[in-house]
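Understanding the architecture of this molecule
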Amino acid sequence: MANARAKTVHERLAEARIEFLNAEVKKSGKNMHAEFKYFELSDIVPVATKIFAEKGLTFLITFASGIAIGRLVDVLNENDYIEVTFPMRAIAE
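Now for a look at the structure at hand. (Residues numbered from 1 in each chain as written. Predicted model: local features only at pLDDT ≥ 70, side-chain atom pairs only at ≥ 80, totals over all residues. Heavy atoms only, no water.)

What follows deals with the overall build of the protein. What the protein contains, in helices and strands, is two helices and five strands. Helices and strands appear in the protein in the N-to-C order α-β-β-α-β-β-β. For 93 residues, the compact-globule formula gives about 12 Å, and the C-alpha radius of gyration of the protein, at 16 Å, lies well above that figure. The C-alpha extent of the protein, read off along each of the three principal axes, is 60 × 35 × 15 Å. For the protein, the residues scored as buried account for 22% of the 93 residues in total. Surface exposure of the protein reaches about 7,600 Å², of which carbon and sulfur atoms provide 59%. Distance between charge centres in the protein, computed from 12 positive and 13 negative side chains, equals 4 Å. (Helix = DSSP H or I, 4+ residues; strand = E, 2+ residues; numbered from the N terminus. Rg over C-alpha atoms; globule rule 2.2 N^0.38 Å. Buried < 20%, exposed > 50% of the residue type's maximum accessible area, 1.4 Å probe, protein only. Areas by Shrake-Rupley, 256 points an atom, 1.4 Å probe, with all protein chains shown as cover. Lys, Arg positive; Asp, Glu negative; His and termini not counted. Charge placed at Lys NZ, Arg CZ, Asp CG, Glu CD.)

Structure, rendered in structure tokens:
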């Protein structure tokens, strides 16, 4: 396949999402008051990291001026990425 092109970050993210769903990750977090279960980072990160590595992707996080920035990057082409930003909030203890 001489004309085969490399898949974009968006295409590989779509594939990774399907693989994550097929991994049937279990929710370990429990809200006893409202009686529901939720994903904790410890449920998601190991599975997602493995899938991203297989797809040639890595997820980088930085924090700046009250904003968290997440960037999903092609490990062979750092100019091909998806970036999301979130406002950071203090969590009451």
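This model, assessed by the stated rule, comprises two aromatic pairs. Seen from the ring of Tyr-81, Arg-71 lies directly overhead, with NZ or CZ sitting 3.8 Å from the centre. (Phe/Tyr/Trp six-rings, centres within 6.5 Å; stacked < 30°, edge-to-face > 60°. Lys NZ or Arg CZ within 6 Å of the ring centre and 35° of its normal.)

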